[in-house]
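# Architecture and fold: a report
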Amino acid sequence: MTRQQHTLKAPTGIALLAAVCGVVIFLPLGAVVARVPWGHFWSTLSSESSTSAMWLSLRTSFITTVLAIVTGLPLAWTLAHREFPLKSIVRAICVLPMVLPPVVGGVALLYAFGRRGVVGSILYDWFNIQIAFTQSAAILAQYFVAVPFFIVVMESAFEQADIRLTGAARTLGARPWRTLLHVSLPSMKPALIAAIALTWARALGEFGATITFAGNSPGRTQTLPLAIYGSLENRDDGALTLSFVMMAISFSVLILLRQRWLGALRRGGV
Amino acid sequence: MTLRMTCSIDRGNFHLKIDLTAQDGEVLAIIGPNGAGKTTTLMLVAGLLACSRGQIIHDGLVFDDAAEGVFVQPENRHVGIVFQDGALFAHLSALQNVAFGLRARGTKKREALATAAIMLDSFDMGSYGAHLPHQLSGGQRQRIALARTLVTAPAILLLDEPTAALDTDGRDETRGLLSHVFTSFSGPVLLVSHQTEEINAMATTIARIDVQRDANVVATLTN
Amino acid sequence: MARPALRLLKSIRLFTSSRFITVLGIAALGIAAVGVLGGCSAKNASPSGITLDVYATSSLTQAFTRIAHDFESLHPEVKVVLNFGGSATLEKQISEGAPADVVAFADTANIVRLSESKVVNSKSVITFATNRLAIIVAKGNPKAIKSISDLARADVVLVLCEIAQPCGKNAATALERAKVVVEPASLELNVSGVVQKVVSGEADAGVAYITDALATNSEIDHVEIPSSINIANLYPIGIVSKITRAENNAASDFINFVVGDGATILRKFGFGAP
């Protein structure tokens, strides 16, 4: 099989250019791993601030991902299957948070959901509910920056879906929801998994919008990225240890998901 | 039970005008150049596309009436469609594929699988129930596709180039099966095909799409 | 038709040939490398001009911007580039090699660390200003906060600086001295974050510097913290060791200006005398 792969000549120099990209990514990550203080690795990890940040990050990013799937799928479906006035503008706006600096996202969230915000003021004045500084704020910040990734991948997947599959399902008597859940989504498994992975990864790494809107409160809004930044300030080696942990968690999840990807592709063969 | 179609559809530059009648027991072959609208015609009958003007009526029941704003969804039309390479659900086994329509219409799982198993047997695919579509040959997949459609007892049967994606053996095998199916099928059959032998062997009537190409593609289908 | 068309065809062939693309790729890399490396070495591109990189704590933002502007008019050959951030963050960056020439912090601990590691020339360090803490509140003080003990009230949403920042450390000390226990809603990464949360209305109160209170007094009000419990920060300024002679001279000039004419500007923004 190897000879087959190498017989067809690759574009000249492509390996070199590819190597440059690889090196620029590997080097900083490798540098972090190299400078992790392994001596007090476990004591750092098991400290209260570390464990609370880790659990908070896992909890909030998980909830964010679930919310993104439940709300993002319908939007992606609608964008792919329906025409309506100003559709391209609506689509562009839905994807905008991907392009905005996250801090700007945080400010936008404040203007909408802060105590003096468009919606937030109603919540505060009538129900005495303040969203900022709560775990919900952290989730909202992550959701805002991560859901566009989900929408973009899934809209593309819906557009490329084989309409004969949905056509067959509908004529066999399946109503639209059953067709979506039992036929469309299973046929888009690789894209769905990629969308979920991207969304979760973005939510996990979210910093700018969180610090601006949700604040930095250990146990409530101090997610791993905030804890790492705070650790840098505190001059303890927690930053390196926690960064390594983030890398390890993400790495394992992405590796695991890739197996599933390939499995789904192999099985979905036809 | 007559299928009466006096329907036109516009899609961008493409305009298709259909004036077609099909009776029970009739096997109507639709022929014409590629891109003329043969598949579009089937999609209109199935309810996967809507008429821009005109109507589709079957057995007195209005499937589609553009002027009156009536449109019956595909799942309520009892129209079966078989595509070129089967369009089987890749994540389901042959048995689960066949049972799909039954379960979608409310049959309980156990009963649906039992009925599906019987259906598979009658198509000589009984031992392949647990196989996934990618493990089957083209001809076998078409058998499953036919079984899946027929088990729901559709009132109209549509076939979109059923043997085009098959090799010679698969083709012969499937043609034999189709002849058999057509003789026992009670409703009208619309068959889109390029294969002249197939049409000669199985069709009772032929409808051709005439195409005029200039700025717009205007196609007419009458029988 | 033939000749211009042929020439066009030839140039298309040239631009898409694999060799050309490889050369282009390597050239692009080369340019990028020069750009990256060039940024590290001699910062002073033009022989007639000197760039002075000043890394200063966030609370000095407005005062130093003014000071830099006035300094540049007196010393046209020097361009002052200002870099603001939390003292602890800046200190970390500088110890990891960030190219600062002059550093100014909100407390002495950070600069002592840099002096001990010889990153900053200890002989150049002087204290040039002081600051003290104040409680900042929304305009009109709707929650009627009168003293530091009000910060413990359940209906007051309070934000403080992170303990690692000088403003956070001092706030903690002041609270301790006043024997007040609080539950802050957020520990901001720098004092600008505290101000931002109060200005936007998200927090009812924050503990920041008096200079911040005065700088934003169109949008917020402040409540004094009595000097018996307040902490005065000493603001040190110093020169980084590994710089050229020309930059060193410019840095000395800058520090002299800060202590001289700059003092009036600092006073105007609320800073105290050293």
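Residues numbered from 1 in each chain as written. Chains lettered and ligands numbered in written order. Predicted model: local features only at pLDDT ≥ 70, side-chain atom pairs only at ≥ 80, totals over all residues.

### Points about the overall build of chain B
The helix and strand inventory of chain B stands at six helices and eleven strands. At 18 Å, chain B has a C-alpha radius of gyration in line with the 17 Å of a compact globule built from 223 residues. Oriented by its inertia axes, the alpha-carbon framework of chain B measures out at about 50 × 40 × 30 Å. Out of the 223 residues in chain B, the part that is buried amounts to 48%. Taking the contacts inside chain B whose residues are at least 6 apart along the sequence as the reference set, 68% of them involve residues at least 24 apart. (Helix = DSSP H or I, 4+ residues; strand = E, 2+ residues; numbered from the N terminus. Rg over C-alpha atoms; globule rule 2.2 N^0.38 Å. Buried ≥ 20, exposed ≤ 12 C-beta atoms within 10 Å, placed from the backbone. Contact = placed C-beta atoms within 7 Å.)

### Some points on the interface of chain B and chain A
At the interface, 21 residues of chain B touch 18 residues of chain A. Counting residues per element, the ones that place at least two in the side of chain B that touches chain A are strand 7 (79-82) and helix 2 (94-104) of chain B. Of the residues contributing to the side of chain B that touches chain A, the split by class is 13 nonpolar, five polar and three charged. (Nonpolar A, V, L, I, M, F, W, Y, C, P; charged D, E, K, R; others polar.)

### Re the packing of helix 2 of chain B against helix 4 (residues 138-150) of chain B
Each pair of packed helices can be described by the angle between their axes along with the distance between the axes. Residues and elements named next belong to chain B. Packing of helix 2 against helix 4 leaves a shortest axis separation of 7 Å and a crossing angle of 25 degrees. Classified by the angle their axes make, helix 2 and helix 4 are roughly parallel. Relative to helix 4, helix 2 is oriented so that their crossing is right-handed. In contact with Ala 94, Asn 97, Val 98, Phe 100 and Gly 101 of helix 2, helix 4 contributes Ile 144, Ala 147 and Arg 148. The class makeup of the residues in the contact of helix 2 with helix 4 is five nonpolar, two polar and one charged. (Axes fitted to C-alpha atoms, helices over the stretch in contact; angles between N-to-C directions. Parallel < 35°, antiparallel > 145°, perpendicular 65-115°, else oblique. Left-handed = near helix turned anticlockwise from the far one by under 90°.)

### Some thoughts on the interface of chain A and chain C
If you look at the interface, chain A gives 22 residues, while chain C gives 23 residues. When residues of the side of chain A that touches chain C are traced back to their parent elements, those giving at least two are helix 2 (14-35) and helix 13 (224-234) of chain A. When residues of the side of chain A that touches chain C are assigned to their parent elements, the largest contribution, five residues, is made by helix 13 of chain A. For the side of chain A that touches chain C, the per-class residue count stands at nine nonpolar, nine polar and four charged.

### Thoughts on helix 3 (residues 61-74) of chain C
Residue and element names in this part refer to chain C. A rise of 1.5 Å per residue sets the reference length of helix 3, with its 14 residues, at 20 Å; its end C-alpha atoms lie 20 Å apart and thus fit the reference within 8%. Taken together, the buried positions of helix 3 are Ala 63, Phe 64, Ile 67, Ala 68 and Phe 71. Angularly, the buried residues of helix 3 cover 125 degrees about the axis, an arc narrow enough to put them on a single face. Of the exposed residues in helix 3, those oriented more than 90 degrees away from the buried face are His 69 and Ser 73. (Expected span 1.5 Å × (residues − 1). Arc of directions from axis to C-beta.)

### Quick word on the domain arrangement of chain B
All names here are of chain B. If you check the domain split of chain B, you get domain 1 (1-78 + 157-223) and domain 2 (89-154). The distance between the C-alpha centroids of domain 1 and domain 2 comes to 24 Å. The partner domain 2 presents eight residues to the twelve residues of domain 1 that form the contact. Ranked by the residues each element gives to the side of domain 1 that touches domain 2, the list is headed by helix 5 (residues 168-184), at six residues. Looking at side-chain class alone, the side of domain 1 that touches domain 2 contains six nonpolar, three polar and three charged residues. (Domains from an automatic or database assignment.)

### With respect to the confidence of the model for chain A
Low pLDDT marks regions whose predicted coordinates should not be analysed in detail. Confidence in the prediction for chain A averages 89 pLDDT; 93% of positions are at 70 or higher. When mean pLDDT is taken per element in chain A, helix 8 (residues 135-159) of chain A scores highest with 96 and helix 1 (residues 2-7) of chain A scores lowest with 67. (pLDDT = per-residue confidence, 0-100.)

### Looking at the nonpolar core
A:Ala141, C:Val102, C:Val103, C:Ile135, C:Ile136 and C:Ala208 are the most contacted members of the largest nonpolar core, which has 113 residues in total. When residues of this core are assigned to domains, at least three fall in each of domain 1 (50-129 + 233-268) and domain 2 (132-232) of chain C. With near-sequence residues (within four places) excluded, C:Val103 lies in contact with C:Tyr55, C:Leu90, C:Ile94, C:Ile111, C:Leu114, C:Val120, C:Gly238 and C:Val240. Of all hydrophobic cores here, the second largest spans 70 residues; its members include A:Leu172, A:Ala174, B:Phe100 and B:Leu158. (Core = buried A, V, L, I, M, F, W, Y, C linked by C-beta atoms within 7 Å.)

### Re the confidence of the model for chain B
In this model, chain B carries a mean pLDDT of 91, and residues with pLDDT of at least 70 account for 98%. The ipTM value of the predicted complex is 0.92, and its pTM value is 0.81.

### Considerations on the environment of C:Ala174
All names here are of chain C. Topologically, Ala 174 is positioned in helix 6 (residues 166-177). Overall, Ala 174 belongs to the buried group, with 21 C-beta atoms counted inside 10 Å. Along the chain, Ala 174 and Arg 113 lie 61 residues apart, while their C-alpha atoms are 24 Å from each other. What Ala 174 contacts, discounting residues up to four positions off in sequence, is Leu 133, Ile 148, Ile 225, Ile 229, Asn 230 and Ile 231.

### Quick word on the arrangement of the chains
Once contacts are tallied for each of the two pairs of chains in contact, the highest total is for chains A and C. With no contact between them, chain B and chain C keep their nearest C-alpha atoms 31 Å apart.

### A few points about unusual backbone geometry
Outside of glycine, negative phi angles account for most residues, and trans bonds account for most peptide bonds. Backbone geometry at B:Ala153 places phi at a positive 50 degrees, although glycine is not the residue there. Residue placement: B:Ala153 occurs in the loop between helix 4 and strand 8 (156-160). With 11 C-beta atoms counted inside 10 Å, the residue B:Ala153 sits in the exposed group. The phi dihedral of C:Lys118 falls on the positive side, at around 65 degrees, and the residue is not glycine. With respect to the secondary-structure elements, C:Lys118 resides in the loop between helix 5 (108-116) and strand 4 (126-138).

### Side note on the environment of A:His81
By secondary structure assignment, the location of A:His81 is in helix 4 (residues 48-81). Judged by local crowding, A:His81 falls into the exposed class, with 12 C-beta atoms found within 10 Å.

### Thoughts on helix 13 of chain A
Burial analysis of helix 13 of chain A places ten of its eleven residues in the buried class, which makes it a mostly covered element. Those residues of helix 13 of chain A that sit buried are A:Leu224, A:Pro225, A:Leu226, A:Ala227, A:Ile228, A:Tyr229, A:Gly230, A:Ser231, A:Leu232 and A:Glu233.

### Regarding the pairing of strand 1 (residues 3-11) of chain B
All names here are of chain B. Where strand 1 meets strand 4 (residues 53-58), six bridges bridge the pair, whose relative direction is antiparallel. Of the residues in strand 4, the one forming a bridge with Leu 3 is His 58. When strand 1 meets strand 2 (residues 14-22), the two strands line up antiparallel, connected through nine bridges. What sits directly across from Arg 4, in strand 2, is Thr 21. Linkage of strand 1 to strand 2, two consecutive antiparallel strands, is achieved through a turn of two residues, within which Gly 12 is found at a positive phi near 65 degrees. (Pairing = 2+ DSSP bridges.)

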